[in-house]
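Below are the chains, spelled out letter by letter.
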Amino acid sequence: MPDQDLTRFILLPKLQLARMERVAETRTFIFHCFTNTKTAFCPHCGLETNFVHDHRVVKILDAPHAEHRKLLKIKKKRFRCTGLGCKKVFTESIGGIHKHGKTTERLKKEVLYLCDRYANMKGVRNHLKIGNKTIYKKHYEQLEIKWRERKNDPWPKTIGIDEHS
Ligand SMILES: [Zn+2]
């Protein structure tokens, strides 16, 4: 697999890997990434801008990787809108991560899958290397999304035996 493809496989589409760090004590892989975006659309007025104001590093927990916790440290660009009368500064968004999220969408999905698979929190915790609080929160977030999807679907194809509606 060429380097670029491998990076995309491990990371998210917009991200490029600067360097990788392994912390043995906490069994954590830290992926130091930057974004390959050149421009962004201002969320206030919709104008496209390429004026980079400054940067900000965010820490995002991702789905585990080979028995290790996976942390993304992303150097995000903060753009300044060049629109007359706007000039607002905004941070670029990254697909797969919610605006103020601390975890990736794929970690959330994995929590849901594992909660279905393992009967107890310990199994999920061991597999994902994350705390109970995070598991509960992500699990219920995902269940709520699923529930909403199902509610909007007038003809559900499958109905679980544990559902009472
Ligand atoms: Zn603007």
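Residues numbered from 1 in each chain as written. Predicted model: local features only at pLDDT ≥ 70, side-chain atom pairs only at ≥ 80, totals over all residues.

(A) Just unusual backbone geometry, in detail. Positioned with a positive phi, R27 is a non-glycine residue whose angle comes to about 45 degrees. Locating R27 in the fold gives a position in the loop between β1 (15–23) and β2 (28–35). Not every positive phi belongs to a glycine, and K87 is a case in point at roughly 55 degrees. Examined against the element boundaries, K87 turns out to sit in the loop between β6 (68–80) and β7 (89–91). (Helix = DSSP H or I, 4+ residues; strand = E, 2+ residues; numbered from the N terminus.)

(B) Geometry of the nonpolar core. By size, the foremost hydrophobic cluster in this structure holds 11 residues: L12, L15, F31, C33, I60, L61, L72, I74, I94, I97 and L107. When residues of this core are traced back to their parent elements, those giving at least two are β2, β5 (52–65) and β6. For L107, the contacting residues outside a window of four places in its chain are L61, D62 and A63. (Core = buried A, V, L, I, M, F, W, Y, C linked by C-beta atoms within 7 Å. Buried ≥ 20, exposed ≤ 12 C-beta atoms within 10 Å, placed from the backbone. Contact = placed C-beta atoms within 7 Å.)

(C) Expanded view of the confidence of the model for the chain. Looking at the chain as a whole, the pLDDT averages 76, with 67% of positions reaching at least 70. The secondary-structure element of the chain with the lowest mean pLDDT is helix α1 (residues 3–10), recorded at 53, while strand β4 (residues 48–49) shows the highest, at 96. Low pLDDT (under 50) marks residues 155–161, which in the prediction has 1 contact with non-local residues, meaning those over four places away or in another chain. (pLDDT = per-residue confidence, 0-100.)

(D) Summary view of the environment of L12. Inspection of the secondary structure assignment puts L12 in the loop between α1 and β1. Classification of L12 as buried rests on a count of 20 C-beta atoms within 10 Å. Along the primary structure L12 and T35 are separated by 23 residues, whereas in three dimensions their C-alpha atoms are 9.7 Å apart. Not counting the four nearest positions on each side in its chain, L12 is found in contact with I94, G95, G96 and T104.

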